[in-house]
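Each chain is listed here by its residues.
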Amino acid sequence: MSNPADLKNDEISTGAEVVLSALTDLPLLSSCEREQQELIQIRHFLNKWHKSPHTLRRYQTEITRLWLWAYDQQLLISQLSHNDLERYEAFLADPQPKSRWCSGKKYPRDSVEWRPFVSGLSITSVNHAFNAIRAMFTVWLRSGYIQRDPMANKARIGSSIHDGVDTSSSAAVESKDRWFDARMSMAIKQALAAMPDTSPSLIAKRSQYTLIIRTLTVTGARVSELVHANQSQIYEDRSGWWIKLRGKGGKLRTVPLPIDYITGVLMPWRQSHGLPLIPASDELTPLCPPRKWIEGKSGLNSRMVLEIVKGTAQLAAALMPPEAQRATALLQKASNHWFRHTFITALIDDNVPVKTILTTVGQSSEQTLRIYDHKQDNDRHVDVTRVAGKL
């Protein structure tokens, strides 16, 4: 069987706006008009998310994977049945044969080593995949492109897929644990402060890591918002310092910035690069700059930021005391979003008004905040153990 990365056809794409660049490389079952029409429908669906780059990239990945799998079954996505999607669910958890579908690590799309998957997906990632698929089928049903929704009766995948709870070291971290507690946050600060500065290259690395990690920490922003931002979006008014960010759906919002971020993080980085301490309003300096930044050079992407996050978290893990085994293990699985989760959790714990939190983090639903609220669990643990300890 051939490698899905080699199933390419340069004739797909004429006549429709190319929102999904990967679609220009997807294979066709034949050159029939039905397949061309399906690709146009996929592009129309993805175009709905063009103002939300992070969601667009995630949906692009999942729909591309589904197209390749359906192609392997000699089907179009619109021809898939409920049973087909049940088989696809099992496939996502364990893509076979692995040599054909999994690369073992990430490679650029144009690499001969590229595969649609790095490895099998966790329960959470499978759910994310089906969220994208469900959204597309909903749009197709409303537009009349399909007459039935094969996802209509599909339940959300739960932990019962493992017949219990997966406690292995490689298990995905549950959503409620994807944040830094006080000890972990302190270890991250200490790790940044302990980074060596004995050469120009090490000083540049420390400065870059500090700028990016502290920006993630004090803004609680989505990484997709930060990598598309410039330092000129930071400004001062009578209330203090702010940053203007463009969030989901292209909506603008302002986020307050603490003064020590300005004086202790932003200004030192700018001074070390020969820039005025305060960004000019028309300046294009990226908020997430590369280590060797020069004027006109573009900033980092989300994956590059993730490498910095993981590098910093590894350093922090090494600073944790021996008894903090759980926190140490969690740090080694940290990702960009953990800073946003930590930020929102801290606001909730400090009893900041809900409206203020929603406005600051770019959320519209109070219900969404519940996943960041850990006060009930903490309070319950204190109350129960206080009584149990007396028994």
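Just so it is clear, the structure is predicted and the values come from calculations on it, not from any experiment. (Residues numbered from 1 in each chain as written. Predicted model: local features only at pLDDT ≥ 70, side-chain atom pairs only at ≥ 80, totals over all residues. Heavy atoms only, no water.)

Some points on the overall build of the chain
Moving on, step 1. Check the secondary structure of the chain and you find 14 helices and three strands.
Moving on, step 2. In the chain, the share of contacts with a sequence separation of at least 24, taken over all contacts with a separation of at least 6, comes to 61%.
Moving on, step 3. Within the structure as shown, the chain displays about 21,100 Å² of accessible surface, and the carbon and sulfur contribution to it stands at 52%. (Helix = DSSP H or I, 4+ residues; strand = E, 2+ residues; numbered from the N terminus. Contact = heavy atoms within 4.5 Å. Areas by Shrake-Rupley, 256 points an atom, 1.4 Å probe, with all protein chains shown as cover.)

Some remarks on the environment of F45
Moving on, step 1. Turning to its location among the elements, F45 is positioned in helix α1 (residues 33–47).
Moving on, step 2. When the C-alpha atoms of F45 and F137 are compared, they prove to be 9.4 Å apart, with 92 residues separating the residues in sequence.
Moving on, step 3. Excluding residues that lie within four positions of it along the chain, F45 makes contacts with Y59, I63, A132, A135, M136, V139 and W140.

A short note on unusual backbone geometry
Moving on, step 1. Residue P97 is reached from Q96 by a cis peptide bond, and omega for that bond is -5°.
Moving on, step 2. Within the fold, P97 resides in the loop between α3 (82–93) and α4 (98–101).
Moving on, step 3. The phi dihedral of Q74 is positive, around 60°, even though this residue is not glycine.
Moving on, step 4. Within the secondary structure, Q74 is located in the loop between α2 (53–72) and α3.
Moving on, step 5. Here N351, not a glycine, exhibits a phi torsion of approximately 60°, which is positive.
Moving on, step 6. Along the polypeptide, N351 turns up in the loop between α12 (337–349) and α13 (354–361).

Here's the deal with the pattern of salt bridges
Moving on, step 1. Per the stated rule, a full pass over the model turns up nine salt bridges.
Moving on, step 2. One salt bridge connects D177 with R326, and the closest N-O pair in it is separated by 2.9 Å. Taken together, the residues span a long stretch of sequence, with D177 in the loop between α5 (123–143) and α6 (182–193) and R326 in helix α11 (residues 325–331) at a distance of 149 residues.
Moving on, step 3. Among the residues examined, R326 registers a relative accessible area of 52% and is labelled exposed. (Salt bridge = Lys/Arg side-chain N within 4 Å of Asp/Glu carboxyl O. Buried < 20%, exposed > 50% of the residue type's maximum accessible area, 1.4 Å probe, protein only.)

Things to note about the confidence of the model for the chain
If pLDDT is low for a region, its predicted coordinates should not be looked at in detail.
Moving on, step 1. Mean pLDDT over the chain works out to 84, with 84% of the residues at or above the 70 mark.
Moving on, step 2. Across residues 1–22 the pLDDT falls below 50, and counting only partners more than four positions away or on other chains, this stretch makes 55 contacts in the model.
Moving on, step 3. With pLDDT under 50 throughout, residues 159–171 is counted as low confidence; its partners more than four residues away or in other chains account for nine contacts. (pLDDT = per-residue confidence, 0-100.)

A few points about the packing of aromatic side chains
Moving on, step 1. This model, assessed by the stated rule, comprises 14 aromatic pairs.
Moving on, step 2. Considering the side-chain rings of W69 and F91, the 6.3 Å spacing of their centres and the 45° angle between planes classify their relative orientation as tilted. Taken together, the residues span a long stretch of sequence, with W69 in helix α2 and F91 in helix α3 at a distance of 22 residues.
Moving on, step 3. The exposure class of W69 is buried, given its relative accessible area of 4%.
Moving on, step 4. Overall, F91 belongs to the buried group, its relative accessible area being 9%.
Moving on, step 5. Measuring from ring centre to ring centre gives 6.0 Å for F137 and W140, while their planes differ by 80°; the resulting arrangement is edge-to-face. Taken together, the residues span about one helical turn, with F137 and W140 both in helix α5 at a distance of three residues. (Phe/Tyr/Trp six-rings, centres within 6.5 Å; stacked < 30°, edge-to-face > 60°.)

Describing the sheet that holds strand β3 (residues 252–257)
Moving on, step 1. Strand order in this open sheet of three strands is β1-β2-β3, and the pairing throughout is antiparallel. The sheet is open, and its two edges are formed by β1 (234–237) and β3, each paired on a single side. Direction aside, the axes of adjacent strands within the sheet are offset by 35° on average.
Moving on, step 2. The sheet contact formed by β1 and strand β2 (residues 240–246) spans four bridges and is antiparallel. (Pairing = 2+ DSSP bridges. Axes fitted to C-alpha atoms, helices over the stretch in contact; angles between N-to-C directions.)

Description of α13
Moving on, step 1. Those residues of α13 not exposed but buried are I357, L358, T360 and V361. With its buried residues spanning 170° around the axis, α13 presents them on a single face.
Moving on, step 2. In this structure, the buried residues of α13 make contact with β3 and α12.
Moving on, step 3. One or two residues past the end of α13 sits G362, with phi positive at roughly 75°. (Arc of directions from axis to C-beta.)

Comments concerning the nonpolar core
Moving on, step 1. By size, the foremost hydrophobic cluster in this structure holds 49 residues, and its most contacted members are I234, Y261, V305 and L331.
Moving on, step 2. Apart from residues lying up to four places away in sequence, V305 is in contact with I212, L216, V223, V227, C288, L300 and N336.
Moving on, step 3. Listed in part, the 36 residues of the second largest apolar core include L76, L80, V126 and I133. (Core = buried A, V, L, I, M, F, W, Y, C linked by side-chain atoms within 4.5 Å.)

Let's talk about the environment of E283
Moving on, step 1. Counting through the fold element by element, E283 comes out in the loop between α9 (259–272) and α10 (302–319).
Moving on, step 2. With a relative accessible area of 12%, E283 lands in the buried category.
Moving on, step 3. Residues E283 and Q231 lie 52 residues apart in sequence; the distance between their C-alpha atoms is 7.2 Å.

Some thoughts on the side chain of E225
Moving on, step 1. By the element assignment, E225 lies in helix α8 (residues 223–227).
Moving on, step 2. Setting aside anything within four residues of it in sequence, one finds E225 in contact with L245, R246, G247, K248 and R253.

Digging into α6
Moving on, step 1. For α6, with twelve residues, the first-to-last C-alpha span of 17 Å sits near the 16 Å given by 1.5 Å per residue.
Moving on, step 2. Residues of α6 that are buried: M184, A187, I188, A191 and L192. Angularly, the buried residues of α6 cover 135° about the axis, an arc narrow enough to put them on a single face. Exposed residues lying more than 90 degrees from the buried face of α6 are A182 and A193.
Moving on, step 3. Where α6 is buried, its residues contact α7 (200–219), α10, α11 and α12.
Moving on, step 4. The N-capping residue of α6, defined by a side-chain oxygen 3.2 Å from the backbone nitrogen of R183, is D181. (Expected span 1.5 Å × (residues − 1). Polar contact = N/O pair within 3.5 Å; in protein donor to acceptor, adjacent residues only side chain to side chain.)

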